[in-house]
Amino acid sequence: MHMKATYNLAIGIVLKELQNERRVDREKLATALEISDAEITLIENGEQRMTAGELIVMLTTLELAWEDFMQRLQNKMPEAEAKIR
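Summarised in this report is the structure supplied together with it. (Residues numbered from 1 in each chain as written. Predicted model: local features only at pLDDT ≥ 70, side-chain atom pairs only at ≥ 80, totals over all residues. Heavy atoms only, no water.)

The subject of this paragraph is the overall build of the chain. On a plain count of helices and strands, the chain comes out with five helices and zero strands. Structurally, the chain occupies a C-alpha span of about 35 × 25 × 20 Å along its principal axes. When the 85 residues of the chain are sorted by exposure, 38% land in the buried category. Nonlocal contacts in the chain, meaning residues at least 24 apart in sequence, comprise 70% of its contacts between residues at least 6 apart. Just so you have it, the chain exposes about 5200 Å², and 51% of that area is on carbon and sulfur atoms. (Helix = DSSP H or I, 4+ residues; strand = E, 2+ residues; numbered from the N terminus. Buried < 20%, exposed > 50% of the residue type's maximum accessible area, 1.4 Å probe, protein only. Contact = heavy atoms within 4.5 Å. Areas by Shrake-Rupley, 256 points an atom, 1.4 Å probe, with all protein chains shown as cover.)

So this is what it looks like as structure tokens:
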């Protein structure tokens, strides 16, 4: 469970980072993912998991290749791990 929680939080951290870097409006992203702004916040905080479909839509919307996403995710794992402890 701990590893899954760490990945969920790392995905949220990457999502927030990408929104800021690419200046993607939260409302636009929520609409693309077919979720609410509040649900994006839950994902960013690791409190809600993304579905596979949401992850694919996120990568498409933010124009990010799977390999780049995985690299970012691995880079954020230590930060996520520290926050979960």
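With that out of the way, let us pick up the packing of helix α2 (residues 26–33) against helix α3 (residues 37–44). At a minimum axis distance of 9 Å, the contact between α2 and α3 shows a crossing angle of 90°. The angle between α2 and α3 places the two elements in the roughly perpendicular class. Contacts from R26, E27, L29 and A30 of α2 reach α3 at D37, I40, T41 and E44. Broken down by class, the residue content of the contact of α2 with α3 amounts to three nonpolar, one polar and four charged. (Axes fitted to C-alpha atoms, helices over the stretch in contact; angles between N-to-C directions. Parallel < 35°, antiparallel > 145°, perpendicular 65-115°, else oblique. Nonpolar A, V, L, I, M, F, W, Y, C, P; charged D, E, K, R; others polar.)

Another aspect to go through is the pattern of salt bridges. Evaluated as defined, the whole model comprises six salt bridges. E17 is the salt-bridge partner of K76, the closest N and O atoms lying 2.9 Å from each other. Of this pair, K76 sits in helix α5 (residues 66–84) while E17 is found in helix α1 (residues 2–22), placing the two residues 59 residues apart along the sequence. Overall, K76 belongs to the buried group, its relative accessible area being 18%. Under the relative-accessibility criterion, E17 is labelled partly exposed at 21%. Here K76 ties to E79 by a salt bridge, and the two come within 3.8 Å at their closest N and O atoms. Of the two residues, K76 and E79 are both situated in helix α5; the distance of three residues between them amounts to about one turn of the helix. The partly exposed category is assigned to E79, whose relative accessible area is 32%. (Salt bridge = Lys/Arg side-chain N within 4 Å of Asp/Glu carboxyl O.)

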